[in-house]
Amino acid sequence: MLTVVLSGLRARRAAFLGSFVALALGVGLLTTMGLGLSATFDAPERTPQRFASAPVVVKGRDAVTVDVRRGPHTASVSRTLDRPQPVDTELLRELKARWTVTTAGGPDAVGVHGPAAEVRTLVGDRAQVLTGGERRLADPEPERDAEALVAVNALLGTAGGVTTFVSVFVVASTFAFAVALRRREFGLLRTAGATPGQVRRMLLAEAAGVGVLASAAGCALGAWGAPWLARVLVDGDLAPEWFAIGEATWPFHAAFWTGVTVAVAGAAAASRRAGKVGPTAALREADVDTDVLPLGRALLGAGLLLTGAGLLVWTCATEPSELLKRKTYTTVPMLLITGVALLAPLLVRPVARALRLPGATGMLVRENSAAAVRRTAAVAAPVLVTVALAGSLLGSATTVTSAKAAEAREQTAARWVVSGDDLTPVRVPGATVSATAATSVFVRDGAEALVKYGARAVSDPVAFADLARLPVVAGDVRDLDDRSIVVNEEWERGRVGERVEVWLADGSGPVTLRVVAVLALGTGDNGPYVTRANAPGATVDRIEAYEAEGAAGEADGTAGAGEAYGAGEASGEALGAGLSAALSAAGGTVRTVEEWAAATHPTTSPETRLGLLLVLGIALVYTVIALANTLLMATSVRGGELASLRLAGATRAQIMRVVTGEAVLAVTIGAVLGLAVTAVVLASLGTGLAALSAPVALSVPWGAVGAAAGVCAVVATVAVALPAWRLTR
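Computed from a predicted structure; not experimentally measured.

Asks: Where do I start with the overall build of the chain in this structure?
Replies: Within the chain one finds 21 helices and 20 strands. Looking at the chain as a whole, 49% of its 729 residues are labelled buried. Summed over all atoms, the accessible surface of the chain reaches about 32400 Å², with 59% contributed by carbon and sulfur.

Asks: Any chance you could explain the nonpolar core here in plain terms?
Replies: Core analysis: the largest hydrophobic core is formed by 105 residues, its most contacted members being Val166, Leu233, Phe243, Leu389, Ile669 and Val677. Ranked by residue count, the leading element in this core is helix α14 (residues 373-410), at 17 residues. Leu233 has contacts with Val152, Leu155, Leu238, Ala239 and Phe243, leaving out every residue within four places of it along the chain. Formed by 17 residues, the second largest nonpolar core is a distinct cluster that contains Val441, Val443, Val487 and Val518.

Asks: I would appreciate a short explanation of helix α10 (residues 295-318) in the present structure.
Replies: With 24 residues, α10 extends 34 Å between its outermost C-alpha atoms, agreeing within 8% with the 34 Å of an ideal straight helix rising 1.5 Å per residue. Of the residues making up α10, those classed as buried are Gly301, Leu304, Gly308, Leu312, Thr315 and Cys316. Against α11 (326-342) and α20 (652-691) lie the buried residues of α10.

Asks: When you look at unusual backbone geometry in this model, what are you seeing that I'm missing?
Replies: Leave glycine aside and you will find that most residues have negative phi; peptide bonds, for their part, are mostly trans. A positive phi is found at Asp422, a non-glycine position, where the angle reads about 55 degrees. When you line up the elements, Asp422 lands in the loop between β7 (416-419) and β8 (426-427). Using a relative accessible area of 54% as the deciding quantity, one classes Asp422 as exposed. Of note, the phi angle at Ser693 is positive, near 60 degrees, even though the residue is not glycine. In this structure, Ser693 sits in the loop between α20 and α21 (702-727).

Asks: Just to check I follow, could you spell out the packing of aromatic side chains for this structure?
Replies: A ring pair, where both rings are aromatic, is described by two values, the distance of the centres and the angle of the planes. Summed over all chains, the structure comprises three aromatic pairs. For the ring pair Tyr453 and Trp491, a centre distance of 4.9 Å and an interplane angle of 25 degrees mean the geometry is stacked. Taken together, the residues Tyr453 in strand β10 (residues 449-458) and Trp491 in the loop between β12 (484-488) and β13 (499-503) connect sequence positions 38 residues apart. A residue is classified by how much of its surface remains accessible, and Tyr453, at 12% relative accessible area, is buried. Consider the rings of Phe464 and Tyr529, whose centres lie 5.1 Å apart with planes at 40 degrees: the pair is tilted.

Asks: Honestly, the confidence of the model for the chain in this entry has me stumped. Any pointers?
Replies: Reading predicted coordinates in detail is not appropriate for stretches of low pLDDT. Averaged over all residues, the pLDDT of the chain equals 81, while 88% of them reach at least 70. Within the chain, strand β19 (residues 564-565) has the poorest average pLDDT of any element, 34, and strand β15 (residues 529-531) the best, 94. Confidence drops under a pLDDT of 50 for residues 550-572, and excluding neighbours within four residues, the segment shows 52 contacts in the predicted structure.

Asks: Looking at this structure, how should I read the pattern of salt bridges?
Replies: Two side chains bearing opposite charge may form a pair once their charged atoms approach each other closely. With the rule as written, the count across this model stands at 17 salt bridges. Here Asp108 makes a salt bridge to Arg50, at a shortest N to O gap of 3.0 Å. Here Arg50 lies in the loop between α2 (13-41) and β1 (56-59) and Asp108 lies in the loop between β4 (100-103) and β5 (109-113), a separation of 58 residues in the sequence. Side by side, Asp108 and Arg50 carry an identical accessibility label, which is buried. Across the salt bridge formed by Glu594 and Arg409, the nearest N and O atoms sit 3.2 Å from each other.

Asks: It is not clear to me how the side chain of Arg375 should be interpreted in this structure. Could you clarify?
Replies: Looking at the secondary structure, you find Arg375 in helix α14. With residues up to four places along the chain from it excluded, the contact list for Arg375 reads Phe177, Asn368, Ala634, Arg638 and Glu662.

Asks: I tried to follow the packing of helix α13 (residues 359-371) against α14 on my own but got confused; where do I start?
Replies: A packed helix pair is summarised by two numbers, namely the angle formed by the two axes and the spacing between the axes. Axis separation between α13 and α14 bottoms out at 5 Å; the angle between their running directions is 90 degrees. Comparing their axes, α14 and α13 come out roughly perpendicular. The segment α13 lies against α14, with Asn368, Ser369, Ala370 and Ala371 engaging Val373, Arg375 and Thr376. Split by residue class, the contact of α13 with α14 holds three nonpolar, three polar and one charged.

Asks: Where do I start with the side chain of Glu498 in this structure?
Replies: Here Glu498 is to be found in the loop between β12 and β13. When neighbours within four sequence positions are excluded, Glu498 is seen to be in contact with Arg493, Leu513, Arg514 and Val515.

Asks: How do you make sense of empty space enclosed by the protein when you look at a structure like this?
Replies: Taking a probe equal in size to a water molecule and rolling it over the atoms shows the remaining empty space. Throughout the structure, instances matching the rule amount to five cavities of 30 Å³ or more. In this model, the largest cavity occupies a volume close to 70 Å³. Every residue lining the largest cavity is listed: Ser369, Arg375, Thr376, Val379, Leu631, Thr635, Arg638, Val659, Glu662, Ala663, Ala666 and Val720. For the lining of the largest cavity, the secondary-structure elements that each account for two or more residues are α14, α18 (606-636) and α20. Ranked by residue count, the leading element in the lining of the largest cavity is α20, at four residues. Residue classes in the lining of the largest cavity are distributed as six nonpolar, three polar and three charged. By volume, the second largest cavity amounts to about 60 Å³. For the second largest cavity, the full set of lining residues is Leu312, Leu323, Thr328, Tyr329, Val332, Pro333, Val681, Ser684 and Leu685.

Asks: What is the right way to look at the pairing of strand β14 (residues 511-519) in this model?
Replies: Side-chain positions along a regular strand alternate between the two faces of the sheet. Here strand β11 (residues 472-475) runs beside β14; their pairing, made up of three bridges, is antiparallel. In the sheet register, Gly475 faces β14, and the bridge partner there is Ala517. Examined bridge by bridge, β12 and β14 share five bridges and lie parallel to one another. When the bridges of β14 are listed, Val486 appears paired with Ala517. Bridging between β13 and β14 involves four bridges; their strand directions are antiparallel. Bridge pairing in β14 links Glu501 to Thr512.

Asks: For this particular structure, what's the right way to read the sheet that holds β4?
Replies: Picture the strands of a sheet paired through backbone hydrogen bonds; they go either parallel or antiparallel. Strand order across the open sheet formed by four strands is β4-β5-β1-β6, with antiparallel pairing between neighbours. Either end of the sheet is taken by a strand with one partner, and the two such strands are β4 and β6 (128-131). Put simply, the sheet's adjacent strands are angled 30 degrees from each other on average, direction ignored. Bridge analysis of β4 against β5 gives four bridges, and the strand direction is antiparallel. The residue of β5 that forms the bridge with Thr102 is Gly111.

Asks: Sorry, what's going on with the environment of Phe186 here?
Replies: Residue placement: Phe186 occurs in helix α6 (residues 183-191). On the basis of relative accessibility, which here comes to 4%, the residue Phe186 falls in the buried class. Placed 10 residues apart in sequence, Phe186 and Pro196 show a C-alpha to C-alpha distance of 9.4 Å.

What counts and how
- Residues numbered from 1 in each chain as written.
- Predicted model: local features only at pLDDT ≥ 70, side-chain atom pairs only at ≥ 80, totals over all residues.
- Heavy atoms only, no water.
- Helix = DSSP H or I, 4+ residues; strand = E, 2+ residues; numbered from the N terminus.
- Buried < 20%, exposed > 50% of the residue type's maximum accessible area, 1.4 Å probe, protein only.
- Areas by Shrake-Rupley, 256 points an atom, 1.4 Å probe, with all protein chains shown as cover.
- Core = buried A, V, L, I, M, F, W, Y, C linked by side-chain atoms within 4.5 Å.
- Contact = heavy atoms within 4.5 Å.
- Expected span 1.5 Å × (residues − 1).
- Phe/Tyr/Trp six-rings, centres within 6.5 Å; stacked < 30°, edge-to-face > 60°.
- pLDDT = per-residue confidence, 0-100.
- Salt bridge = Lys/Arg side-chain N within 4 Å of Asp/Glu carboxyl O.
- Axes fitted to C-alpha atoms, helices over the stretch in contact; angles between N-to-C directions.
- Parallel < 35°, antiparallel > 145°, perpendicular 65-115°, else oblique.
- Nonpolar A, V, L, I, M, F, W, Y, C, P; charged D, E, K, R; others polar.
- 1 Å grid on protein atoms, 1.4 Å probe; cavity = no way out; pocket = protein on both sides within 12 Å on 5 of 7 lines; lining within 4 Å.
- Points joined across faces, edges and corners; volume = space filled by probe spheres on them.
- Pairing = 2+ DSSP bridges.

If you want it as structure tokens, here you go:
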């Protein structure tokens with residue numbers, strides 16, 4: 001048996017090349033991602049910088065702590081404040097009276113040159129006492145590195161998951177198609193006395209041999225690629241400057257055995273099918289596509305398709321906000337893609353027949369593609385994966401961010417928006433000006449959790465109510481005052497008139513506020529809203545302004561700046577220019593509301609864009625490998641068919657048009673099926689947005705989809721033309 005396997009590998013090395021390359025690339029990517037993940041787990045601890053010379057640091061409160069219920073007992077839960085609170089003045093005086101105290105850039109923390117135990121006794125529970133490595137928590141943005149590592153971890157985890165998904169799919173499809181082309185060989189082996197078990201073991205041994213060699217090559221490739229990935233992440237500001245690949249060995253073991261398992265599992269189903277064919281049946285059906293969709297594959301494909309569709313419907317009906325999260329629109333489409341790909345042999349024939357092609361060549365291309373179901377499905381499936389991933393991932397990300405921008409634009413009647421840090425509120429006679437600030441509130445979710453909500457603090461509730469166009473489902477935002485709050489439907493106690501206990505942005509509280517309005521959840525940025533009295537420490541970061549036609553006046557800001565503008569009969573443009581000039585006294589960037597929405601709600605963040613491009617790049621590379629390998633194998637065994645066409649009078653150019661047309665048609669079928677999956681995903685996302693009362697702005701990334709399909713068409717044409725040209729000499 002071993003001699004037969006080795007002879008088969010040598011004789012068919014060209015046929016196994018595609019599987020080898022795909023598997024080696026997959027293992028290499030898994031090794032690279034694993035090494036990157038291990039680096040995020042074993043990140044070095046940063047040394048203190050701000051108070052490196054002080055043995056003890058006294059830091060003001062930076063979290064709100066509340067007792068919640070944990071079963072029959074209670075436990076303390078903390079949530080981080082937006083900004084640390086300053087050290088108490090009286091405490092600071094006591095510290096200075098006993099030890100040398102140093103400050104460095106802010107009142108939130110001080111360095112104390114004294115014994116840690118004595119300092120801790122003096123401070124008590126009035127502030128935090130940090131020693132040793134904990135002193136780094138007083139540095140600016142102490143959680144920045146941790147948050148960056150979490151983002152890197154999510155990025156590499158997603159890329160690794162997609163790599164596994166696509167590699168399993170490509171390797172399994174390649175083995176299945178290769179087995180289908182070898183039916184005559186298996187028939188001869190059965191005629192010579194080989195048992196079904198021997199045929200299966202031969203195929204599994206071949207797969208194991210390819211898996212071991214490809215996995216070893218992939219581990220070497222991953223060891224080379226991991227440092228390069230680390231440099232890309234650091235240069236792209238996605239990882240801290242110190243981020244580097246460590247010396248972990250578990251990624252090599254995990255990637256190697258994953259590769260071997262993928263190879264053997266990919267060949268298992270094909271080997272069972274090959275072992276079931278009898279000698280006579282194998283010889284008779286060697287050139288006829290029958291039983292192209294076995295019952296097991298049909299059931300698995302239908303199950304995955306129904307599961308994916310069911311999850312979308314269930315999520316849309318119960319938690320539509322989950323559809324807007326990246327983990328949902330990244331993972332759920334994979335179920336749909338896999339289901340449709342498994343059912344591709346059932347779908348390619350009706351799709352091929354539905355695509356009308358002109359002329360005799362077009363008719364022959366269509367009928368050949370519909371008859372050779374295995375070949376057409378093997379070409380269409382990887383294209384389906386790439387197009388569907390490009391359409392669903394990029395389309396969902398762009399749709400969500402577009403909906404956020406449209407929502408922000410629709411929720412204000414302002415014509416101008418000033419944005420910046422610590423703005424100076426201005427008054428403009430004849431215009432409505434509303435200043436708001438970013439803040440946060442903390443509220444118990446039931447009795448078991450403490451939830452932090454990003455909120456907006458309103459300076460002038462009357463002006464705010466005049467300009468706001470919020471999706472109110474109950475109550476009235478005009479009733480907002482210092483003793484009330486506007487919440488959204490996500491809040492547990494969210495009915496008008498109810499009173500809620502909240503902790504404020506500085507950790508003070510609880511404060512009891514009355515609910516005066518409830519907003520639709522939207523894309524997640526709707527409320528809550530409080531007044532500036534309930535937002536200690538918040539500084540104005542947005543000013544919205546509106547002036548009706550014909551109004552005139554003179555700007556008057558708290559800073560004393562302003563210019564005359566407008567007049568009773570002035571044009572709208574003059575009024576706008578005058579109001580813009582008046583608002584510039586606030587000290588921020590003045591934009592029209594459309595410009596502000598576009599600037600503050602970009603299409604996708606750099607991190608998300610890099611992650612999506614990485615995922616799509618992996619899928620496209622695998623698709624190219626699968627297309628080239630499948631078409632080279634399929635065309636190389638069509639010598640008799642192409643010779644018959646020549647004997648029937650077809651010219652070499654006509655034959656080339658037929659075979660390349662078949663390849664392009666198969667790519668088109670895959671693109672159509674991929675767009676169908678994209679349509680389902682985006683339709684469910686649009687339904688979810690509508691259920692959340694958010695703007696529905698569906699976006700199909702035609703550029704990315706067209707580029708992916710175009711690359712596939714070019715690769716398929718070249719891969720089929722080269723062997724066909726040789727065979728028709």
